[in-house]
Amino acid sequence: MNQQKISYSTYLDKVYGCFLGKTVIGTLGAPYEGIKMPLELPFKPEMVNTMLPNADLDLQVLWLDVAEKYGEAFTSDQLLDRFVNYCDYSPGEYAVMRKNYTRGIHPPASGAFSNDFYISGMGCPIRSEVWGCVAVGNPALARELSSRDGVLDHAGESVEAEMFLAALECEAFFESDVRKLIDNALKTVPAESKFRRLVEDTVRWCDEFGDSKTVLTRVLFHYGHPDCTNMYENMGITLLSLLLGEQEIIKTSLMALNCGFDTDCTCATAGAIIGLLRGAKELTDAYGLADPTYTLGVESH
């Protein structure tokens, strides 16, 4: 791996941009989560005036606390122990993870056992940013760290999707071309996987049609699922928004929002990646995005 260098000020600006994208754009999508149909919502500044609670970011704060305490060698069990003892909510796969923990079922089995409905959910791909920001420019490390996270409450290709995003995000500190980032992150995804086919199909459809609703129709036809939080359809939505949004954070996030489904996740992940690419100063200057006064919903210590 070629050694890459980044100044601390640039690194800080990009991490803060990632945070702004995750919180502000996640707030944009949160009220519409679960609507399984295309929408036609225009952007209004009041959509992002007040930060809404965000479990997807809460857990990343807990994970960072674990990584700071135990270093690079932290374990999945240490992450799961922190969740059980410091987090008091358990929607969806979090409930499965918690129940498995009380049964004495540890990772990686905690994400697979009795978890048929949520096993391919978005719950772990949406926690990828912390690993991308920790493993700057090192996709192998980003994949490894994120895999220890993903197996807590998922298994198989949902974990692969988190590893894919973490690898993409860690390279976004040095590469600004979204298509190249996707291609590079895809290199280590197994060739025979359904997730790889989803990514390749979404890229091809974006190239062929260039229209978000047309691409969405194909994503849902080939990869749709009864669960609005399923990873396949929502990763397709996130990717089409990044590919067609021209790195304009409002255009990209509205595209994700108006595709429906797990909108807080698709908007937040797309926003976080645009934030990494453009940095906080540029987002603030161009769009007037301000610090959302994020309120932590868990105890970090």
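These numbers come from a predicted model, not from an experiment. (Residues numbered from 1 in each chain as written. Predicted model: local features only at pLDDT ≥ 70, side-chain atom pairs only at ≥ 80, totals over all residues. Heavy atoms only, no water.)

Enquirer: Talk me through the overall build of the chain; I want residue IDs and the actual numbers.
Expert: The number of helices and strands found in the chain is 15 helices and zero strands. Compactness check: the chain gives a C-alpha radius of gyration of 18 Å against a globular reference of 19 Å for 301 residues, within 12% of the reference. Sorting the 301 residues of the chain into buried and exposed places 55% on the buried side. Here the contacts in the chain between residues at least 6 apart in sequence split such that 73% fall between residues at least 24 apart. Here the chain has roughly 12500 Å² of accessible surface; of this, 53% comes from carbon and sulfur atoms. Across the chain, the 25 positively charged side chains and the 42 negatively charged ones have centroids separated by 3 Å. (Helix = DSSP H or I, 4+ residues; strand = E, 2+ residues; numbered from the N terminus. Rg over C-alpha atoms; globule rule 2.2 N^0.38 Å. Buried < 20%, exposed > 50% of the residue type's maximum accessible area, 1.4 Å probe, protein only. Contact = heavy atoms within 4.5 Å. Areas by Shrake-Rupley, 256 points an atom, 1.4 Å probe, with all protein chains shown as cover. Lys, Arg positive; Asp, Glu negative; His and termini not counted. Charge placed at Lys NZ, Arg CZ, Asp CG, Glu CD.)

Enquirer: I'd like a rundown of the packing of helix α8 (residues 157-171) against helix α9 (residues 178-186), residues and numbers included.
Expert: Here α8 crosses α9 at 130°, and the two axes come no closer than 9 Å. As judged from the angle between their axes, α8 and α9 are oblique. Along this stretch, α8 crosses α9, giving a crossing that reads as right-handed. Across the interface between the two elements, F164, A167, L168 and E171 from α8 touch L181, I182, N184, A185 and L186 from α9. The residue inventory of the contact of α8 with α9, partitioned by class, reads seven nonpolar, one polar and one charged. (Axes fitted to C-alpha atoms, helices over the stretch in contact; angles between N-to-C directions. Parallel < 35°, antiparallel > 145°, perpendicular 65-115°, else oblique. Left-handed = near helix turned anticlockwise from the far one by under 90°. Nonpolar A, V, L, I, M, F, W, Y, C, P; charged D, E, K, R; others polar.)

Enquirer: Just give me the short version of the nonpolar core, but keep the residues and values in it.
Expert: Judged by nonpolar contacts, the single largest core of 59 residues is most densely connected at F164, I182, F195, V199 and M235. If you list the elements that add at least two residues to this core, you get α1 (8-29), α8, α9, α10 (194-209), α11 (212-223), α12 (231-244), α13 (249-257) and α14 (263-278). Dropping the residues within four chain positions of it, F195 is found in contact with E157, E160, A161, F164, V189, M231, Y232 and M235. Counting 23 residues, the second largest nonpolar core, distinct from the first, contains L79, V84, W131 and A135. (Core = buried A, V, L, I, M, F, W, Y, C linked by side-chain atoms within 4.5 Å.)

Enquirer: Explain the environment of T188 to me, using residue names and the numbers behind them.
Expert: Considering the arrangement of structural elements, one finds T188 in the loop between α9 and α10. Ignoring any residue separated from it by four or fewer positions in sequence, one finds T188 in contact with R143 and E160. A distance of 3.2 Å separates the side chain of T188 from the side chain of R143, its partner in a polar contact. (Polar contact = N/O pair within 3.5 Å; in protein donor to acceptor, adjacent residues only side chain to side chain.)

Enquirer: Account for the pattern of salt bridges, naming residues and giving values.
Expert: Counting across every chain of the model gives 14 salt bridges. With a closest N to O distance of 3.1 Å, E129 and K22 form a salt bridge. Placement of the pair is E129 in helix α6 (residues 129-134) and K22 in helix α1, with a sequence separation of 107 residues. Given the relative accessible area of 5%, E129 is considered buried. Of the charged contacts in the structure, one is a salt bridge between R278 and E282, with a shortest N-O distance of 2.8 Å. Taken together, the shared-partner salt bridges connect R127, D149 and D153 into one network. (Salt bridge = Lys/Arg side-chain N within 4 Å of Asp/Glu carboxyl O.)

Note that every value here comes from positions in space, so none of it alone points to a role or purpose.
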